[in-house]
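Coordinates in review
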Amino acid sequence: EQSFAWEMTYHFILGFFFFFFFDGQGKPPQLNCTFLLLPHSPKLITTSHVLNTLTPKFYVALTGTSSLISGLILIFEWWYFRKYGTSFIEQVSVSHLRPLLGGVDNNSSNNSNSSNGDSDSNRQSVSECKVWRNPLNLFRGAEYNRYTWVTGREPLTYYDMNLSAQDHQTFFTCDSDHLRPADAIMQKAWRERNPQARISAAHEALEINECATAYILLAEEEATTIAEAEKLFKQALKAGDGCYRRSQQLQHHGSQYEAQHRRDTNVLVYIKRRLAMCARRLGRTREAVKMMRDLMKEFPLLSMFNIHENLLEALLELQAYADVQAVLAKYDDISLPKSATICYTAALLKARAVSDKFSPEAASRRGLSTAEMNAVEAIHRAVEFNPHVPKYLLEMKSLILPPEHILKRGDSEAIAYAFFHLAHWKRVEGALNLLHCTWEGTFHEVSVYPKKELPFFILFTAGLCSFTAMLALLTHQFPELMGVFAKAFLSTLFAPLNFVMEKVESILPSSLWHQLTRI
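Quick notes on the rules
- Residues numbered from 1 in each chain as written.
- Predicted model: local features only at pLDDT ≥ 70, side-chain atom pairs only at ≥ 80, totals over all residues.
- Heavy atoms only, no water.
- UniProt positions renumbered as here; feature names shortened; annotations may be inferred.
- Helix = DSSP H or I, 4+ residues; strand = E, 2+ residues; numbered from the N terminus.
- Buried < 20%, exposed > 50% of the residue type's maximum accessible area, 1.4 Å probe, protein only.
- Contact = heavy atoms within 4.5 Å.
- Areas by Shrake-Rupley, 256 points an atom, 1.4 Å probe, with all protein chains shown as cover.
- 1 Å grid on protein atoms, 1.4 Å probe; cavity = no way out; pocket = protein on both sides within 12 Å on 5 of 7 lines; lining within 4 Å.
- Points joined across faces, edges and corners; volume = space filled by probe spheres on them.
- Nonpolar A, V, L, I, M, F, W, Y, C, P; charged D, E, K, R; others polar.
- Core = buried A, V, L, I, M, F, W, Y, C linked by side-chain atoms within 4.5 Å.
- Domains from an automatic or database assignment.
- Phe/Tyr/Trp six-rings, centres within 6.5 Å; stacked < 30°, edge-to-face > 60°.
- Lys NZ or Arg CZ within 6 Å of the ring centre and 35° of its normal.
- Polar contact = N/O pair within 3.5 Å; in protein donor to acceptor, adjacent residues only side chain to side chain.
- Expected span 1.5 Å × (residues − 1).
- Arc of directions from axis to C-beta.

The chain has the name Suppression of tumorigenicity 7 in an unreviewed UniProt entry, where Rhinopithecus bieti is given as its organism. Listed in UniProt under the heading Subcellular location (unreviewed entry), the comment for the chain reads: "Membrane". According to the UniProt record, the Sequence similarities (unreviewed entry) comment for the chain is "Belongs to the ST7 family."

Okay, here's the thing in C-alpha cells:
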C-alpha cells in the first residue's frame, strides 16, 4: 500500500503539472492563485513569466517522459518477477517502508501465538521449508567419490555441499564446544571447504579424545567402502552414547547443558540412522528395519530426519506391504509435510492390487472398477504433488546420482525417489504399465506448483504507461481539445478548494490574511 501511494504521488505530480498549466493554445492560462500568494507578489510574476514561455512541445515532452519512466518501471518489474517470482515494489514496501511507517510485521503475530506449544511452531516452520536434506543420501567417501574416481567429475554441486556444511554445524556443534579441545577442533573442521583439511582435523581431534563427530566425518568422507564406514560409525556410537548419557543427567542444570544435550541427541540419532543405512546397503535389510523401528520408538519427536522414509524403502525391499501400509497410515497425514516417497508409495500399494490384470483396452470398454479407480486417483494425487517422478520411473529421463539436498515437489526430489524406488516399482507386475497409461491424464494443460499470479504493480504500471503515452499523443495531435478537457477537469478538481479559500478570506481580517500570505 505504501509503494502504491508513492507511485501514485509521482504520477499525480506529473499529471498535475500537465493539466494545471495547459490552456490548449500553446500557453498556460493566467491562473487565479490568490489562495497561494498575493496577486502582485514578485514570485507570482516570475512564475507566470516562466510559464508563459512554455510551448506545447514541453507538455508533450512532459507526458512522454512520464510514459517512458512508467515503461522502464514496467520492464524492470517484469524482469524481477520472472527471475525472483515476486514484485520488487511490493518487496521493498514490505521490507523497508512498512517498518519505517509503523506497519505491523507478520512475525509479531506469529510470536504472539508462540504460547500454543513448541510442537505447533516447529511443525509450521518445517512445513514452510522447501529445501530438505535427502533422507536417503549416499555416503561421500564410499559412494559419491566412486563416481569421481571413474569420471573425474564432482557429483555434488558447491551449493549442495555448502548446505550440508550448514547442517553439520547446526546438528553437531554447540556454544560450549570451545571448552573441550576435541570439539573445538571439530567445530572448525565442519567449516572447512577442503575435504583433506576436514579429514586431517578429524584425526587431530581423535588424538586428543574419543570424539563421536570426528568418527562421523571419517565415516562419511574417508571410508572408501560401506563396511569401513560401518566400522567407524560403530566407534562413533560408542563415544556418542557415552556423551549422550552424561549430558542427559546434566541437561536441567542450565541452558548451556541443555544445548549440549540437544547436540548429543542429534549426534546419536544421526549415527544410529547411518548404521541402519549401512546395514541396508550391505544386504542386512531385516536388521536395518529393526534398527530404524527402535530409533523411531526411542526418539519419536525427531521427525526432521525423516527416518520413516528410510523405513518405507527397507520394507518395500522385504516386500512387507502390510507393514508399509501401517507406516503410511501413521505418516500420510494432512498435518504433516508430504513427500514423493509417501505419495508414490501409497500409489504403488493401490496399483499393486489391480496392476497385474489391468488392460487399457478392457478398461476403455467396460470402464474402471472401484479398485482401479482408487489406484488411478492415487497416481493422480502423487503426480499432482511431484509431476517429475513418472518420467524417471518410466525411464523417459536418465537417472543421475541423487543430491544431498532436495527441493520438495522438484526435479531433485524426483531423482532421489526414483534412484532408490525404481526397483520396487519394477518388482510389482504391471505397476509401471498402469502408471504409463494414467499419469498424463493428471495434467489439464500444464501443472505449475504453485501457480504464480501476475503482481498488481505490473498491471498498474502497464496501464499507467499506456495512459500517459495516450495523453502525450493526444496532446500533440489535438492541443485545443485537450485544453478544454484540462480546464473542465481542473475546474471540477479545485472547486471545493476554491470554496474553502473564499470562506477563509471572508472570515479572516484582511490584515491577518496579508501577514499570513507574506509568511
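Alright, that's what it looks like, and here's the rest.
**Remarks on the overall build of the chain**
Counting its regular elements, the chain contains 25 helices and two strands. For the chain, the proportion of its 519 residues judged to be buried stands at 41%. A fraction of 68% describes how many contacts in the chain between residues 6 or more apart in sequence connect residues 24 or more apart. For the chain, the exposed area adds up to about 29700 Å²; of that, 58% sits on carbon and sulfur atoms.

**Re empty space enclosed by the protein**
Under the definition given, this model contains three cavities of 30 Å³ or more. Roughly 80 Å³ of internal volume is contained in the largest cavity. Surrounding the largest cavity, Asn-134, Pro-135, Leu-136, Glu-309, Ser-339, Ala-340, Thr-341, Ile-406, Glu-413, Ala-416, Tyr-417 and His-421 form its lining. Elements represented by at least two residues in the lining of the largest cavity include exactly α17 (340–352) and α21 (411–427). Looking at the lining of the largest cavity element by element, the count peaks at four residues for α21. Its residues assigned to classes, the lining of the largest cavity shows six nonpolar, four polar and two charged.

**Regarding unusual backbone geometry**
With a phi angle near 60 degrees, Gln-319 is a residue other than glycine that sits in the positive phi range. Considering the arrangement of structural elements, one finds Gln-319 in the loop between α15 (307–317) and α16 (321–331). Looking at Gln-319, the relative accessible area reads 43%, which means it is partly exposed. The phi dihedral of Arg-409 is positive, around 70 degrees, even though this residue is not glycine.

**Some words on the layout of surface pockets**
Empty space among the atoms can be located by rolling a probe the size of a water molecule over them. Taken as a whole, the second largest pocket spans an internal volume of roughly 590 Å³. Along its surface, the second largest pocket is lined by 29 residues, and Arg-140, Met-161, Arg-193, Pro-195 and Arg-198 are the ones closest to its centre. When residues of the lining of the second largest pocket are traced back to their parent elements, those giving at least two are α7 (140–151), α8 (158–172) and α10 (195–208). If one sorts the elements of the lining of the second largest pocket by residue count, α8 sits on top with eight residues. Looking at side-chain class alone, the lining of the second largest pocket contains 11 nonpolar, 10 polar and eight charged residues.

**Points about the nonpolar core**
If you look at the biggest cluster of nonpolar residues, it comprises 92 residues, and the most contacted ones within it are Met-186, Ile-216, Phe-233, Tyr-344, Leu-393 and Trp-425. Broken down by element, the residue count for this core peaks at 10 residues, all from helix α13 (residues 255–281). Each of domain 1 (129–318) and domain 2 (331–452) contributes no fewer than three residues to this core. Those residues within four positions of Leu-393 in sequence are excluded, and the remaining contacts are Tyr-344, Tyr-417, Ala-418, Leu-422, Trp-425, Leu-432 and Leu-435. Core analysis: the next-biggest nonpolar cluster, separate from the first, contains five residues, Leu-136, Leu-138, Tyr-144 and Phe-420 among them.

**Thoughts on the packing of aromatic side chains**
Given two aromatic rings, one states the distance between the centres and the angle between the planes to describe the pair. Summed over all chains, the structure comprises nine aromatic pairs. Counting every residue linked through ring pairs, the aromatic cluster contains Phe-76, Trp-79 and Tyr-80. Directly above the aromatic system of Phe-139 lies the positively charged group of Arg-274, at a separation of 4.0 Å from the ring centroid. The ring of Trp-132 has Lys-408 lying over it, and the distance from NZ or CZ to the ring centre is 3.6 Å.

**Focus: the side chain of Thr-438**
For Thr-438, the location among the structural elements is in helix α22 (residues 431–438). With relative accessibility at 9%, the residue Thr-438 sits in the buried group. Polar contacts involving the side chain of Thr-438 include one to the main-chain carbonyl oxygen of Leu-434, which spans 2.7 Å. If we skip the residues at most four places from it in the chain, Thr-438 touches Val-376, Ile-379 and His-380.

**Regarding helix α14 (residues 285–298)**
Here α14 contains 14 residues, and its C-alpha end-to-end distance of 20 Å stays within 8% of the 20 Å for a straight helix at 1.5 Å per residue. Burial in α14 covers these residues: Thr-285, Ala-288, Val-289, Met-292, Leu-295 and Met-296. The buried residues of α14 occupy an angular sector of 130 degrees when projected down its axis, which confines them to one face. Facing away from the buried side of α14 by over 90 degrees, the exposed positions are Arg-286, Lys-290 and Lys-297. Contact partners of the buried residues in α14: α13, α15 and α16.

**Looking at α16**
Considered for burial, the residues of α16 that qualify are Tyr-321, Val-324, Val-327, Leu-328 and Tyr-331. Each buried residue of α16 lies within a common arc of 115 degrees when the element is viewed along its axis, so the set occupies one face. Exposed positions of α16 whose direction lies more than 90 degrees from the buried face are Ala-322, Ala-329 and Lys-330. Elements that come into contact with the buried residues of α16 comprise α14, α15 and α17.

**Some details on the environment of Lys-408**
Inspection of the secondary structure puts Lys-408 in the loop between β2 (405–407) and α21. What Lys-408 contacts, discounting residues up to four positions off in sequence, is Lys-130, Trp-132, Lys-338, Ser-339 and Glu-413.

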